[in-house]
Amino acid sequence: MSNSSSITHFLLLAFTDTWQLQLLHFWLFLAIYLAALLGNSLIITTIACDQHLHTPMYFFLLNLSLIDLGAISTTVPKSMVNFLWDTRDISYAGCASQVFFFTIFLSGEFYLLTIMSYDRYAAICRPLHYETLLGSRVCVHLAAAAWACGILNAVLHTAGTFSLPLCQGSAVDQFFCEIPQILKLSCSSSYLREVWLLAFSTFPFVGGFVFIVVSYVQIFRAVLRIPSQQGRHKAFATCLPHLAVVSLFISTGIFAYMKPHSISSPSLDLVVAVLYSVVPPAVNPLIYSLRNQELK
């Protein structure tokens, strides 16, 4: 029996006990990380350097790429080190830092995707008022609000999680420090405070999801009224990638944080965590660039 004051490190989940398979996982994660690093860096550089891309849509896309770089850099490099050196350790401070920064980027990405849906709504449904609705100052304020909300969520959840007494050992059933897995280590009913805080935090996410759905209903109605097939195709090519990113990110993220313990298993939790923490930062540059002639 131990408490959180005596824990100096945590043990992360090992994908396998076989060294050869661990090495295979290292190369796989390295390839994904380099792809995310290259793709997002190219988008950031292109948007920053090309004056023609200094528009609200690309400003938000630049912020999304920054968030994706931060998110994948918070979790994957430590996992690669553990794969390579055949270890599972992460320090207490390192674990708390992972939770803090990953929560910033996770929350910030959701708020930013919500803002991007509003940008697409304004561009397609209110084109004559687009520059008024999304002027440069408004865009900066919206992006700053997304980052600020992410930081606020991170402070609340990190403080709430690591103030709990942890008496169920130090083994985290995940390849990075994830709040639901750390809560499993608590032996006190006080962990319910953080559970309620997580539940309360879902209200903005549910509100954002409803806003996204309503926005896209309006967008699709407006697109279907476009007389030319080429115009409809261009509008769908702009909106569908964003909708695909939102669907994957929200569905897997909500499932990871709000699923009941009765359907939880290490393999399922691992797959879901990879889908919402590793896949989006790697595929977002492909989704947003391959179907975008201006970025090409």
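Bear in mind the structure is a predicted one, so any value in this text is a computation, not a measurement.

What counts as what
- Residues numbered from 1 in each chain as written.
- Predicted model: local features only at pLDDT ≥ 70, side-chain atom pairs only at ≥ 80, totals over all residues.
- Heavy atoms only, no water.
- Helix = DSSP H or I, 4+ residues; strand = E, 2+ residues; numbered from the N terminus.
- Contact = heavy atoms within 4.5 Å.
- Areas by Shrake-Rupley, 256 points an atom, 1.4 Å probe, with all protein chains shown as cover.
- Buried < 20%, exposed > 50% of the residue type's maximum accessible area, 1.4 Å probe, protein only.
- Expected span 1.5 Å × (residues − 1).
- Axes fitted to C-alpha atoms, helices over the stretch in contact; angles between N-to-C directions.
- Parallel < 35°, antiparallel > 145°, perpendicular 65-115°, else oblique.
- Left-handed = near helix turned anticlockwise from the far one by under 90°.
- Nonpolar A, V, L, I, M, F, W, Y, C, P; charged D, E, K, R; others polar.
- Phe/Tyr/Trp six-rings, centres within 6.5 Å; stacked < 30°, edge-to-face > 60°.
- Disulfide = S-S within 2.5 Å.
- Salt bridge = Lys/Arg side-chain N within 4 Å of Asp/Glu carboxyl O.
- Patch = residues over 30% accessible without salt bridge, like charges linked within 9 Å, V, L, I, M, F, W, Y side chains within 5 Å.
- 1 Å grid on protein atoms, 1.4 Å probe; cavity = no way out; pocket = protein on both sides within 12 Å on 5 of 7 lines; lining within 4 Å.
- Points joined across faces, edges and corners; volume = space filled by probe spheres on them.

Okay, the overall build of the protein chain next. Each helix and strand in the protein chain was counted, giving 10 helices and two strands. Shown N-terminal to C-terminal, the secondary structure of the protein chain runs as helices and strands in the order β-α-α-β-α-α-α-α-α-α-α-α. Residue pairs in contact within the protein chain that sit at least 24 positions apart in sequence constitute 77% of those at least 6 positions apart. Element-wise, carbon and sulfur atoms account for 69% of the exposed surface of the protein chain, whose accessible area totals about 14,500 Å².

Before going further, it helps to spend a moment on the environment of Thr-55. The topology assignment puts Thr-55 in the loop between helix H1 (19–49) and helix H2 (56–85). A residue is classified by how much of its surface remains accessible, and Thr-55, at 30% relative accessible area, is partly exposed. As a C-alpha pair, Thr-55 and Leu-134 span 79 residues in sequence and 9.3 Å in three-dimensional space.

Next up on the list: helix H5 (residues 136–162). The end-to-end C-alpha distance of H5, which contains 27 residues, comes to 39 Å, matching closely the 39 Å that a straight helix rising 1.5 Å per residue would cover. For H5, the complete set of buried residues consists of Cys-139, Ala-143, Ala-146, Gly-150, Asn-153, Ala-154, His-157, Thr-158, Gly-160, Thr-161 and Phe-162.

This part covers the side chain of Gln-22. Note on placement: Gln-22 falls in helix H1. Here Gln-22 is in contact with Thr-16, Phe-83 and Asp-86, once residues within four sequence places are set aside.

So, about the packing of H1 against H2. For the pair H1 and H2, interaxial distance at closest approach is 9 Å and the crossing angle is 160 degrees. The angle between H1 and H2 places the two elements in the roughly antiparallel class. The crossing of H1 and H2 is left-handed. Partitioning the contact of H1 with H2 into residue classes produces 24 nonpolar, seven polar and one charged.

Right, let's get into the side chain of Thr-74. Counting through the fold element by element, Thr-74 comes out in helix H2. On the basis of relative accessibility, which here comes to 16%, the residue Thr-74 falls in the buried class. Excluding residues that lie within four positions of it along the chain, Thr-74 makes contacts with Gln-98, Phe-101, Phe-102 and Phe-105.

What follows is about the packing of aromatic side chains. Tallying each qualifying case throughout the model produces 16 aromatic pairs. Aromatic pair Phe-26 and Trp-27: ring centres 5.2 Å apart, planes at 70 degrees, arrangement edge-to-face. Ring geometry for Phe-105 against Trp-147: centres 6.3 Å apart, planes inclined by 85 degrees, an arrangement best described as edge-to-face. Residue Phe-105 is located in helix H3 (residues 92–125), and its partner Trp-147 is located in helix H5; the two are separated by 42 residues in the primary sequence. Owing to a relative accessible area of 12%, Phe-105 belongs among the buried residues under this scheme.

On inspection of all chains with the given rule, the structure shows one disulfide. What pairs with Cys-95 in a disulfide is Cys-177, and their sulfur atoms sit 2.0 Å apart. Across the S-S bond of Cys-95 and Cys-177 the torsion is about -125 degrees, and the bridge reads as left-handed. Of this pair, Cys-95 sits in helix H3 while Cys-177 sits in the loop between H5 and helix H6 (179–183); the two residues are 82 residues apart in sequence, bridging distant segments of the chain. Residue classification places Cys-95 among the buried positions, given a relative accessible area of 0%.

Further remarks concern H1. Helix length check: H1 (31 residues) gives 44 Å between terminal C-alpha atoms against 45 Å at 1.5 Å per residue, within 8%. Within the sequence span of H1, burial applies to Gln-22, His-25, Phe-26, Phe-29, Tyr-33, Ala-36, Gly-39, Asn-40, Ile-43, Ile-44 and Ile-47.

Taken as a whole and assessed by the stated rule, the structure comprises two salt bridges. Among the salt bridges present, the one from Asp-119 reaches Arg-120, with a minimum N-O distance of 2.9 Å. For the pair formed by Asp-119 and Arg-120, the shared burial category is buried. Among the ionic pairs, Asp-269 bridges to Lys-184, the shortest N-O distance being 3.7 Å. With Asp-269 in helix H9 (residues 266–277) and Lys-184 in the loop between H6 and helix H7 (191–224), this pair connects stretches of sequence that are 85 residues apart. Given the relative accessible area of 4%, Asp-269 is considered buried. With relative accessibility at 33%, the residue Lys-184 sits in the partly exposed group.

Once that is clear, we can look at a nonpolar patch on the surface. Together, Val-206, Phe-209, Val-210, Val-213, Val-214 and Val-217 line one region of the surface with nonpolar side chains, adding up to about 460 Å² of accessible area. Accessibility expressed as a relative area gives 38% for Val-213, which makes it partly exposed.

Here the structure, examined in full by the defined rule, presents two cavities of 30 Å³ or more. Approximately 50 Å³ is the volume found for the largest cavity. In terms of lining residues, the largest cavity is bounded by Ala-71, Phe-102, Phe-105, Leu-106, Glu-109, Phe-249, Tyr-276, Ser-277, Pro-280 and Pro-281. When contributions to the lining of the largest cavity are tallied by element, the ones reaching two or more residues are H3, H9 and helix H10 (279–290). With four residues, the top contributor of residues to the lining of the largest cavity is H3. Empty space within the second largest cavity amounts to approximately 30 Å³. Lining the second largest cavity are Val-245, Leu-248, Phe-249, Pro-280, Val-283, Asn-284 and Ile-287. Elements with a contribution of two residues or more to the lining of the second largest cavity: helix H8 (229–258) and H10. Residue composition of the lining of the second largest cavity, by class: six nonpolar, one polar and no charged.

Structural measurements only, silent on function.
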